[in-house]
Amino acid sequence: MLNANQAELDKFGELAHRWWDPNSEFKPLHDINPLRLHWIDSAISLAGKRILDVGCGGGLLSEGMAVRGANVTGIDLSEKPLGVAKLHLLESGQKVDYRKISVEELADEMPGAFDAVTCLEMLEHVPNPSSVITACARLVKPGGQVFLSTLNRNPKSYLLAVVGAEYVLQMLPKGTHDYAKFIKPSELARWAKLANLEPAELVGMSYNPLSRQYSLGRDTSVNYLMRAVRHA
């Protein structure tokens, strides 16, 4: 049984041609990408590392890591975003190995093959996020790191990430997020530990509507990122 929601795949597939437009529906991804890249690079020093990007979509993070010298594989189950990601490589001249395969299948094929695995802005879009985390843990080398991000589940996150971002500020298309699929940090930490990962860092990501800027900090009440290390 494929761990994917076809409606979610279709939703992102329909918007795929706009993925690299910084003024499109994907503007928030463009805005947060430098923050994500710096956070990952600061933790592991991307240059020369073998990295897997799970749920890579149109390749924004994958290509950013390649620019910083990583050997990147990007996987997704949506055909159109992968097509856009591959086309963008022709413009940028970067190298990324893009594949249409589930993370669970790849874990069977390439266990322990990567120095680090990233899975950002994806867990809240799949039926079984714990299965994804377990597969990520299997794919990373002992001592390697897994980088995760998602949305917290509480009244504030509903107001800001759903009502605010989708309906008031119209930063995201309506229906982008399903509040019921948001994940509390305690839940994410529990799934990580069950997958033989040790949570090592929890960072919040906040948006200031006045400056229209994102920043990393201690506030994990809405968007947050977790770094976990695989036990040897």
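Parameters at a glance
- Residues numbered from 1 in each chain as written.
- Predicted model: local features only at pLDDT ≥ 70, side-chain atom pairs only at ≥ 80, totals over all residues.
- Heavy atoms only, no water.
- Pairing = 2+ DSSP bridges.
- Helix = DSSP H or I, 4+ residues; strand = E, 2+ residues; numbered from the N terminus.
- Axes fitted to C-alpha atoms, helices over the stretch in contact; angles between N-to-C directions.
- Contact = heavy atoms within 4.5 Å.
- Buried < 20%, exposed > 50% of the residue type's maximum accessible area, 1.4 Å probe, protein only.

Participant: Sorry if this is basic, but what is going on with the sheet that holds strand 5 (residues 140-151) here?
Facilitator: Sheet strands associate in pairs through backbone hydrogen bonding, adopting either a parallel or an antiparallel arrangement. Strand order across the open sheet formed by eight strands is 3-2-1-4-5-8-6-7, with mixed pairing between neighbours. If you trace the sheet from one side to the other, it starts and ends with strand 3 (96-100) and strand 7 (213-217), each paired once. Each strand axis lies, on average, 20° off the axis of its neighbour in the sheet, ignoring direction. Sheet topology note: the strand 6 (residues 197-208)/strand 7 ladder contains five bridges and is antiparallel. Directly across from Ser 206, in strand 7, lies its bridge partner Ser 215. Each of strand 2 (71-76) and strand 3 touches helix 4 (residues 79-92); the most contacted strand, strand 3, lies at about 165° to it.

Participant: Teacher, can you tell me more about the environment of Ala 85 here?
Facilitator: Tracing the chain through its elements places Ala 85 in helix 4. Exposure remark for Ala 85: the relative accessible area of 0% places this residue in the buried category. Through-space distance from the C-alpha of Ala 85 to that of Gly 58 is 4.4 Å; in sequence the pair is 27 residues apart.

Participant: In this structure, what is going on with the side chain of Arg 227? I would like to understand it.
Facilitator: Mapped onto the elements of the fold, Arg 227 is located in strand 8 (residues 223-230). Those residues in contact with Arg 227, other than ones at most four positions away along the chain, are Trp 39, Ala 43, Gln 145, Val 146, Phe 147, Glu 198, Pro 199, Ala 200 and Glu 201.

Participant: Looking at this structure, I do not really get unusual backbone geometry. What am I missing?
Facilitator: Glycine aside, the phi torsion of most residues is negative, and most peptide linkages are trans. Although it is not a glycine, Ser 45 sits at a positive phi angle of roughly 55°. Even without being glycine, Asn 196 reaches a positive phi, approximately 75°. Inspection of the secondary structure assignment puts Asn 196 in the loop between helix 8 (185-194) and strand 6.

Just geometry here; none of it tells us what the structure is for.
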